[in-house]
Amino acid sequence: MEEFNLKLDYYELLSLHKALLEAKFNTDPDNELVSGSPLVAKTYIQVRDLLMKSDKSEQWKEWFQLKNRPDYRERAIIRMKRCDRWSKSSCDEKKKIAGDFLAPFLYDEEELIEVVTEMDKSYYDKEN
């Protein structure tokens with residue numbers, strides 16, 4: 001597949017970050033598939049990594065920590081609850097799904113397991 005490169009200055013990159021943030025974490029989106037898209041997640045991680053290489057890298061590293069962004073964690077969970085694949089997925093698949101919804105945020109394995117557990121509990125509560 002042919003690859004393309006974009007040349008963006010810091011403020012263009014910042015605008016792309018804002019647009020992706022809005023698209024992925026909107027709780028009432030026009031397109032339901034954007035939030036959990038592996039391709040959107042991969043692209044946004046690249047944007048995150050570029051921001052973290054900028055002159056403001058320390059601020060960005062702090063901003064992208066999931067533990068510092070409970071608002072976006074909650075929005076990701078709201079979006080995940082609409083994911084049809086969740087209930088049929090293995091634990092490893094659930095981690096991958098959650099990772100795509102949580103991208104571009106940085107988290108450790110324990111935080112990821114907490115999200116998966118919270119999602120499983122919400123599905124269990126819904127069925128009972």
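Quick caveat: nothing in here was measured; it's all calculated off a predicted structure.

## Looking at the layout of surface pockets
- Taken as a whole, the largest pocket encloses approximately 530 Å³ of empty space.
- Around the largest pocket sit 17 residues that line it, and Phe 4, Asn 5, Leu 6, Thr 43 and Gln 46 are the ones nearest its centre.
- When residues of the lining of the largest pocket are traced back to their parent elements, those giving at least two are helix 1 (10-25) and helix 2 (38-51).
- Residue contributions to the lining of the largest pocket peak at six residues, all from helix 2.
- Quantified by volume, the second largest pocket comes out at close to 170 Å³.
- Taken together, Glu 32, Leu 33, Gly 36, Arg 79, Arg 82, Cys 83, Asp 84, Arg 85 and Phe 101 make up the lining of the second largest pocket.

## Thoughts on the side chain of Arg 69
- Structurally, Arg 69 is set in the loop between helix 3 (57-63) and helix 4 (70-80).
- Using a relative accessible area of 17% as the deciding quantity, one classes Arg 69 as buried.
- If we skip the residues at most four places from it in the chain, Arg 69 touches Trp 63 and Phe 105.

Parameters at a glance
- Residues numbered from 1 in each chain as written.
- Predicted model: local features only at pLDDT ≥ 70, side-chain atom pairs only at ≥ 80, totals over all residues.
- Heavy atoms only, no water.
- 1 Å grid on protein atoms, 1.4 Å probe; cavity = no way out; pocket = protein on both sides within 12 Å on 5 of 7 lines; lining within 4 Å.
- Points joined across faces, edges and corners; volume = space filled by probe spheres on them.
- Helix = DSSP H or I, 4+ residues; strand = E, 2+ residues; numbered from the N terminus.
- Buried < 20%, exposed > 50% of the residue type's maximum accessible area, 1.4 Å probe, protein only.
- Contact = heavy atoms within 4.5 Å.

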